[in-house]
Amino acid sequence: MANAPIAASGTGKPAAAFTASTPTRLDLQTLFNWLLADGILAREDGKTFYTQAQAIHRNASIAMHPLVAIAQCKLTAFAPPHRPLTLEWLTEWLAGKVKLPFYRIDPLKIDFARVADVMSATYATRFHILPVEMTATELVIATCEPFQTEWEAEIAKITRRTVRLVVANPLDIAQYTTQFFALAKSIKGARKLGGQDLALRNNFEQLVELGNSKQVDANDQHIVSIVDWLWQYAFEQRASDIHLEPKREFCAIRFRIDGVLHQVYQVPPSVMIAMTARIKLLGRMDVIEKRRPQDGRVKTRTHGGQEIELRLSTLPTAFGEKLVMRIFDPDVVVKSLPELGFPPDDAARWAELTTRPHGIILVTGPTGSGKTTTLYTTLKALATSEVNVCTVEDPIEMVEAAFNQMQVQHGIDLSFAEGVRALMRQDPDIIMVGEIRDLETAEMAIQAALTGHLVLSTLHTNDAPSAIMRLLELGVPYYLLESTLIGIMAQRLTRTLCAHCKSPDGTLSDEVWQNLVGDAKISKPRTVYRPVGCPECRQTGYRGRTGLYELLTVSQPFARLIKAETDIHALRKQSIADGMKPLRLAGALKIAEGVTTMEEVLKVTAVQN
C-alpha cells in the first residue's frame, strides 16, 4: 500500500504515484489505508470501522462499491470540522486523492441519446463508467474505478476523441447507466417504428412524402416506457410542470422546477406525437382531435407508492400539438399555513377571517403564484364533519374527498355563475368559486355572501387593494362590496435558499435596505445569505419555494373608503394602517430570516406607487 505524495497529472488520468501496490479495482483495505493516512479516520478506530464496512460489503445482495459500504457506516471525520463521511463527500475526496476532477452528474444537462451511442449498456456496466459529455474533440467519461482504464484506448479509437476521466458518485453512475441507456433504446426503437419524421408533422409547413405514412402507436411498448420514465423522472426532479413542445426540427421536453423552466431532452417529432397520444389516451381525451385545446387529468403513483395527480392541457401550435402537464402533490393540502410561508401574525389573521360565518374572501395573484394551494389548504382545515364545503372550479385542480367539487362545463352552459346558483340549493356552509371572471359570477358570489355563506374565490390583480378596483370595473356596485367583502390576500412564490449550502454574504447597506422596506420600521438584518449550489439543490443554490403574502382585512374605516370613485392610494394607505404588510415588505422579512435573497424578492414583487 503506497502512501507517497500524489503528483498532479493534468491529463485526465489517475496520478502516477499510485503504481505497483495500487489495485486495479478499488477495495476496502486500500480506501481505509488512505483514510487513515490522511487523518480522516483515527488509527485506534480504524480496525473497528473496517470490520463494520467489511460486514456491510459482504452482506450486500448485489455487488457494492467499497465507497458505498464505507458511507453506510455513517462515520464522522476525525479531523476538524468533523464532517459526516457521506458518499458524496467520500467520492469528492477520492477524486482529489487520485488527482482527477470530481463530477456531479446532473441528468437534466446530459444528452443521453448522444452519449449512449458511445458504448453499450453492458460495456458501461462492466467497467463502471458512464459517458457524460461529448464535444467534437473530447469525450468526458465518469468513473468510480479510476485505476481500471483498460477500456480507454479502445473508446478513444472508436470515437476519435480524446478521453477525459472524471470521478463521480458510484450510485449515480449505476442509476443513470440503467436509465440513460434504457431510455435511449426506447427512443431509437420508437423512431425506427415511426419511419420518416417529416411525414408526421401536423403543422403549417406540412411536407407530404408519399409512401411514408407509418405512425408510432401510442400503446407501443417503447412509448409506454418513455412516458413512464418521463413521469418518474419529473417526480424525482421535483418538477411542478412538464412541457412537451413541438418545434420545426425536433420536439423539446422541459420541466419547471422551483418556478424556472429547464430543458430536459429533445425527441424526434414522431416520438413526441406518439407520447402525446399516449398521455391523451390515459387522460380520457380525444386522441384524434388536434385542432382545438383540450383538458384532462391522470392519477398515477411514484416509485414510493405516493399518489400523484397530473392535470393535462393541450394547445394546437404552428408545429403540432403542445402538451403541458401540471403535477399536483396531494400532500400540499395537508400542509399548515406556516409551512406555506405564512408569518405567525398573518396566519392568525387569516384563520380569524376564514372562520367567520359569512362574507367574501379573495385571493389574488398571477398564474402560478400558489392561489389554489392556499385555498385548498384553507378549505381542508375548514372541512369538518359539521360543515358542507362545496366548490365550483374550471378545471378541478385536485380531487379532495372532504369537498363536494363541481367542474364548469362550458359546452352545456354550466358556468361559474350557474355553478354557484346550483350550489346555493345544496345547503352549503362554505363555497369556493375557482375564479371571478365576470360580473355575473361576482354577483352570484355576493348573493351567496349576503344569504349567510362564506365565499372564497380568486382574482387576477397585482396587489390586494387593486382587487376593489377590479370588481368595480366589472360593474359590481360599491355598496355591495362594502357590505360583503371581509378580506383580500395577494400572494407570490419566491425561491428559497438551499439550507444545505447557503452562505453568509455580509450585510445590506442602509440605503438598499431602506429602498426595500420603505417607511416600515424594520431593523436591518445583521447577515444576508447568498446561493452557493450543492447536490441537494442541483447546483442552483435554491431548493423549494415559499409564499409572500399581503393580507388586507376590511375594517370599518377601509369599508367607508369603498365608493364609486374610489382612490386606490387611499385604500392602500388605510390597509397598511390596518396591519397589511405589502408584498415587498413581506419579502424583506424573508430576507432578514435568511430564507431567500433580495434578487428573488425584487423579481416577484413590484414597487407600489
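Residues numbered from 1 in each chain as written. Predicted model: local features only at pLDDT ≥ 70, side-chain atom pairs only at ≥ 80, totals over all residues. Heavy atoms only, no water.

1. Examining the UniProt feature "domain: Bacterial type II secretion system protein E" (unreviewed entry) in the protein chain
Quick note on the threshold: UniProt positions are given in the numbering used here, feature names are shortened, and annotations may be inferred rather than shown by experiment. Secondary structure elements are taken from DSSP: a helix is a run of H or I of four residues or more, a strand is a run of E of two residues or more, and numbering for both begins at the N terminus.
Summarizing the sequence annotation, UniProt attributes the feature "domain: Bacterial type II secretion system protein E" (unreviewed entry) to residues 424-438 in the numbering used throughout. Along residues 424-438 one finds 0% helix and 27% strand; the C-alpha atoms at either end are 19 Å apart.

2. Notes on the side chain of Ser240
Let me state the cut-off plainly: The term polar contact refers here to a pair of N or O atoms within 3.5 Å; inside protein, the definition further demands a hydrogen-donor-capable atom paired with an acceptor-capable atom, and it admits residues adjacent in sequence only when both atoms are side-chain atoms. In what follows, residue pairs with any heavy atoms lying within 4.5 Å of each other are defined as contacts.
Within the secondary structure, Ser240 is located in strand S4 (residues 239-246). Here Asp241 takes part through its side chain, which lies 2.9 Å from a polar atom of the side chain of Ser240. Look past the residues within four positions of Ser240 in its chain and what remains in contact with it is Arg256, Met325, Arg326, Ile327 and Arg545.

3. A word on the sheet that holds strand S1 (residues 129-134)
Put simply, the rule reads: Whether two strands pair depends on DSSP finding at least two bridges between them. All axes here are fitted lines through C-alpha atoms, helices being fitted over the stretch that makes contact, and every angle between N-to-C directions spans 0 to 180 degrees.
On the basis of which strands lie adjacent, the open sheet formed by three strands has the order S1-S2-S3 and mixed pairing. Of all strands in the sheet, those with a lone pairing partner are S1 and strand S3 (162-167), marking the two edges. Here the average twist between neighbouring strands, direction ignored, is 30 degrees. Both strand S2 (residues 138-143) and S3 contribute to a ladder of six bridges, which runs parallel. By the bridge assignment for S3, Ala142 is matched with Val166. Of the strands in this sheet, S2 and S3 touch helix H7 (residues 152-159), which is tilted by about 130 degrees from S3.

4. Section: the layout of surface pockets
We apply this condition: Residues are called lining when one of their atoms sits within 4 Å of a cavity or pocket point, these points coming from a 1 Å grid over the protein atoms alone, where a cavity is a set in which a 1.4 Å probe fits but cannot get out and a pocket is an open set with protein on both sides within 12 Å along at least five of seven lines. Grid points are joined across faces, edges and corners, and a volume is the space filled by probe spheres set on the points. Following the grouping adopted for this structure description, the nonpolar residues are Ala, Val, Leu, Ile, Met, Phe, Trp, Tyr, Cys and Pro, the charged ones are Asp, Glu, Lys and Arg, and the polar ones are all others, Gly among them.
Here the second largest pocket is characterised by a volume of approximately 810 Å³. Every residue lining the second largest pocket is counted, 25 residues in all, and those nearest its centre are Glu88, Arg104, Cys534, Pro535 and Glu536. Looking at the lining of the second largest pocket, the elements that each hand over two or more residues are helix H4 (87-97) and helix H8 (170-194). With four residues, the top contributor of residues to the lining of the second largest pocket is H4. Tallied by class, the residues present in the lining of the second largest pocket amount to eight nonpolar, five polar and 12 charged.

5. A short note on empty space enclosed by the protein
For the structure shown, the criterion picks out five cavities of 30 Å³ or more. Looking at the second largest cavity, the residues that line it are Gly341, Pro343, Gly547, Leu548, Tyr549, Lys581, Ala586, Leu589, Lys590 and Glu593. Of the residues that constitute the lining of the second largest cavity, the class distribution is five nonpolar, two polar and three charged.

6. Focus on H7
The condition that has to hold: Burial here depends on accessible area, computed with a 1.4 Å probe over protein chains only, as a share of the maximum for the residue type. Under 20% is buried, over 50% is exposed, and the range in between is partly exposed. Comment: arc refers to directions from the helix axis out to C-beta atoms.
What H7 keeps buried is the set Glu152, Ile155 and Thr159. For H7, the angular spread of the buried residues around the axis is 70 degrees, confining them to a single face. The exposed set on the far side of H7, more than 90 degrees from its buried face, consists of Ala153, Lys157 and Ile158. Where H7 terminates, the next one or two residues include Arg160, which has phi positive at roughly 60 degrees.

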